[in-house]
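A structural walkthrough
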Amino acid sequence: MRVETIGKKRRRLSLTSLIDVIFLLLLFFMLSSTFTRFAQVDINAGRAGTVSTIQKRPDVFIRLDKDDSWKINGAGLSADAAVDELIRLQGLGAKTALLVVREDVTSQMLVDALERLGKHVTLKISVAG
């Protein structure tokens with residue numbers, strides 16, 4: 001025996017709202033993900049109140065100023081010339097370097113300088129502000 005419903009028509013299922021939800025999820029995940037790869041710079045910091053284990057003077061003195069200007073042992077150089085000079089000094093036996101930053105140097109400039117030095121020289125670099 002067949003049972004029929006009186007007065008009720010079957011409605012078709014609308015997929016419009018499902019497509020909207022899928023589009024919103026896709027948009028959310030695309031905007032919340034990052035597609036760039038961040039570099040990593042290792043910085044070893046001393047603890048407060050402890051004495052440094054290096055008691056001797058560093059072999060190389062590096063000063064980083066604004067506008068990407070460097071001073072290596074007092075000589076003003078561009079960034080590329082400074083790296084070349086550090087490679088030369090390392091070849092002469094330099095093992096340690098002290099990198100001093102001025103007040104107007106941003107943290108991004110410091111990270112860029114440390115990344116550049118890490119690629120080209122193997123000096124043990126200490127950072128002072």
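What this report covers is the structure whose coordinates are included nearby. The written sequence of each chain sets the order in which its residues are numbered from 1. Reporting in this predicted model follows two pLDDT cut-offs: at least 70 for local features of residues, and 80 or more for side-chain atom pairs to be given and counted; totals over whole chains, interfaces and linings ignore these cut-offs and use all residues. Values reported for side chains reflect all heavy atoms of the structure, with hydrogen atoms and water molecules removed beforehand.

**Here we look at the sheet that holds strand β1 (residues 60-65)**
- Two strands qualify as a pair provided that DSSP identifies no fewer than 2 bridges between them. Secondary structure elements are defined from DSSP: runs of H or I of at least 4 residues count as helices, runs of E of at least 2 residues count as strands, and each element is numbered from the N terminus. Spatial strand order, β3-β2-β1-β4-β5: 5 strands in an open sheet with mixed pairing. Only two strands of the sheet have a single neighbouring strand rather than two, namely β3 (75-77) and β5 (124-128). Taking the axes of each pair of neighbouring strands and ignoring which way they run, one obtains an average angle of 25° across the sheet.
- Two elements, β1 and strand β2 (residues 69-72), share 4 bridges in a ladder whose sense is antiparallel. When the bridges of β2 are listed, Arg 63 appears paired with Lys 71.
- By definition in these notes, contact holds between two residues if any of their heavy atoms fall within 4.5 Å. Between the N-to-C directions of two axes lies an angle of 0 to 180 degrees, each axis being a line fitted to C-alpha atoms and, for a helix, fitted only over the stretch in contact. On top of the sheet, helix α2 (residues 79-91) reaches β1, β2 and β3; it is set at about 20° to β2, its chief contact.
- Contacts from helix α3 (residues 107-120) reach β1, β2, β4 (96-101) and β5, with the element oriented near 140° to β1.

**Here we look at the nonpolar core**
- For the purposes of this section, nonpolar cores are sets of buried Ala, Val, Leu, Ile, Met, Phe, Trp, Tyr and Cys residues that join through side-chain atoms within 4.5 Å. Buried means the residue's accessible area, taken with a 1.4 Å probe over protein chains only, is under 20% of the maximum for its type, while exposed means over 50%, and partly exposed covers the values in between. Core analysis: the biggest nonpolar cluster contains 20 residues, and Val 60, Ile 62, Leu 64, Trp 70, Ile 72 and Leu 86 have the highest contact counts within it.
- The set of elements that each furnish at least two residues to this core consists of β1, β2, α2, β4 and α3.
- If we ignore the near neighbours within four places in the chain, the residues touching Leu 64 are Ser 69, Trp 70, Leu 99, Val 100, Val 101, Arg 102, Val 105, Met 109, Leu 110 and Ala 113.

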